[in-house]
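Examination of the molecular architecture
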Amino acid sequence: MSMKKYALILGAALLMVGCGSSVKLDDVPVENRSGASVDGADANAAGKNGVASVDLDKSKLGVAPAGPRVVYFDYDSYVVKPEFQSVIEAHARHIKADKNRKVAIEGHTDERGGREYNLALGQKRAEAVRRALVLLGAADSQVEAVSFGKEKPAVQGSDEAAWSKNRRAEISYR
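Residues numbered from 1 in each chain as written. Predicted model: local features only at pLDDT ≥ 70, side-chain atom pairs only at ≥ 80, totals over all residues. Heavy atoms only, no water.

1. Some remarks on the pairing of strand β5 (residues 143-149)
Here is the rule: Exposure categories follow from relative accessible area, calculated using a 1.4 Å probe and restricted to protein chains: below 20% of the type maximum is buried, above 50% is exposed, and the middle band is partly exposed. Helix and strand labels come from DSSP, where a helix needs a run of H or I of at least four residues and a strand needs a run of E of at least two; each type is numbered from the N terminus. By definition, two strands form a pair when at least two bridges between them are found by DSSP. By definition, the crossover connecting two strands over a helix is right-handed if that path, from the first strand to the second, turns clockwise as seen with the strands pointing away from the viewer.
Judged by which residues are buried, β5 turns out to be one-sided: Val 143, Ala 145, Ser 147 and Gly 149 face inward and are buried, whereas Glu 144, Val 146 and Phe 148, on the alternate face, are not. One ladder, built from 6 bridges, connects strand β4 (residues 103-108) with β5; its direction is parallel. The residue bridging Val 103 from the neighbouring strand is Val 143, located in β5. Traced from β4 through helix α5 (residues 115-135) to β5, the parallel crossover comes out right-handed.

2. Let's talk about the sheet that holds strand β3 (residues 70-72)
This is how it is decided: Working convention: axes come from line fits to C-alpha atoms, limited for helices to the stretch in contact. Angles between N-to-C directions cover 0 to 180 degrees. Residue contacts are defined here by distance: any two heavy atoms, one from each residue, within 4.5 Å place the two residues in contact.
The 4 strands lie next to each other as β3-β6-β4-β5, forming an open sheet whose pairing is mixed. Each edge of the open sheet carries a strand with a single partner, namely β3 and β5. Ignoring which end each strand starts from, the neighbouring axes of this sheet average 20° apart. Along the sheet face, helix α4 (residues 85-97) touches β3, β4 and β6 (168-173) and points at about 20° away from the line of β6.

3. Observations concerning the packing of aromatic side chains
Where we set the bar: Pairing of aromatic side chains here covers Phe, Tyr and the six-membered ring of Trp, requires ring centres within 6.5 Å, and sorts the geometry by plane angle: under 30 degrees stacked, over 60 edge-to-face, intermediate tilted. Over a ring means this: the NZ of a Lys or the CZ of an Arg is within 6 Å of the ring centre and within 35 degrees of the ring normal.
In this structure the tally under the stated criterion is 1 aromatic pair. Both rings, one in Tyr 72 and one in Phe 84, keep their centres 6.1 Å apart while their planes meet at 55°; by these two values the pair is tilted. Here Tyr 72, found in strand β3, pairs with Phe 84, found in the loop between β3 and α4; they are 12 residues apart in sequence, far enough to count as distant. Here Tyr 72 falls in the partly exposed class, since its relative accessible area comes to 24%. Between Lys 152 and the ring centre of Phe 148, over which it is positioned, the NZ or CZ distance is 4.2 Å. In this structure, Lys 165 is placed above the aromatic ring of Tyr 72, and the distance from its NZ or CZ to the ring centre is 5.1 Å.

4. What to know about the pattern of salt bridges
The criterion, for reference: Counted as salt bridges are all cases of a side-chain nitrogen of Lys or Arg within 4 Å of a carboxyl oxygen of Asp or Glu.
Tallying each qualifying case throughout the model produces 10 salt bridges. The shortest N-O distance in the salt bridge between Arg 115 and Glu 151 comes to 3.8 Å. Of this pair, Arg 115 sits in helix α5 while Glu 151 sits in the loop between β5 and α6 (160-166), placing them 36 residues apart in sequence. Put simply, Arg 168 and Glu 170 hold a salt bridge, and the shortest N to O gap is 2.6 Å. Put simply, Asp 110, Arg 112, Glu 160 and Arg 167 are held in one network by salt bridges that share partners.

The following block contains the structure:
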């Protein structure tokens, strides 16, 4: 065996050993403000110490969170801009709150470009938003990405104002 192969195998083995961890993530204590540990038996006491309970009654959640459901993209791009991070975070929280909730992310493009190219770009835009939602805790099975390409414009027109409104991904609750 050559020296390069031996060094590569040794490096890979060291990398795998370095990735291991003996930290138990399930045994993390929760402490209230007084510093006392709160375990499962004392969880109700935490509510009496000034921590408000959260009511997750599904009837109060509504169909979708208030606010925008659209993420806009730059020309020929499927990178989610930082200004839309709060939109994605709000929808991720809403989707996580009900495991039966399903959403479709619909990717769209402006009229420029061929049909196949725009369908592919629309799919990449929808997938970018879908991945962001999943990374923020939505279940993969709850979120579907589809592309409409340039077939469903939000605004008619052949100028930058119209094109910028058509380069989008819409979050649609099912």
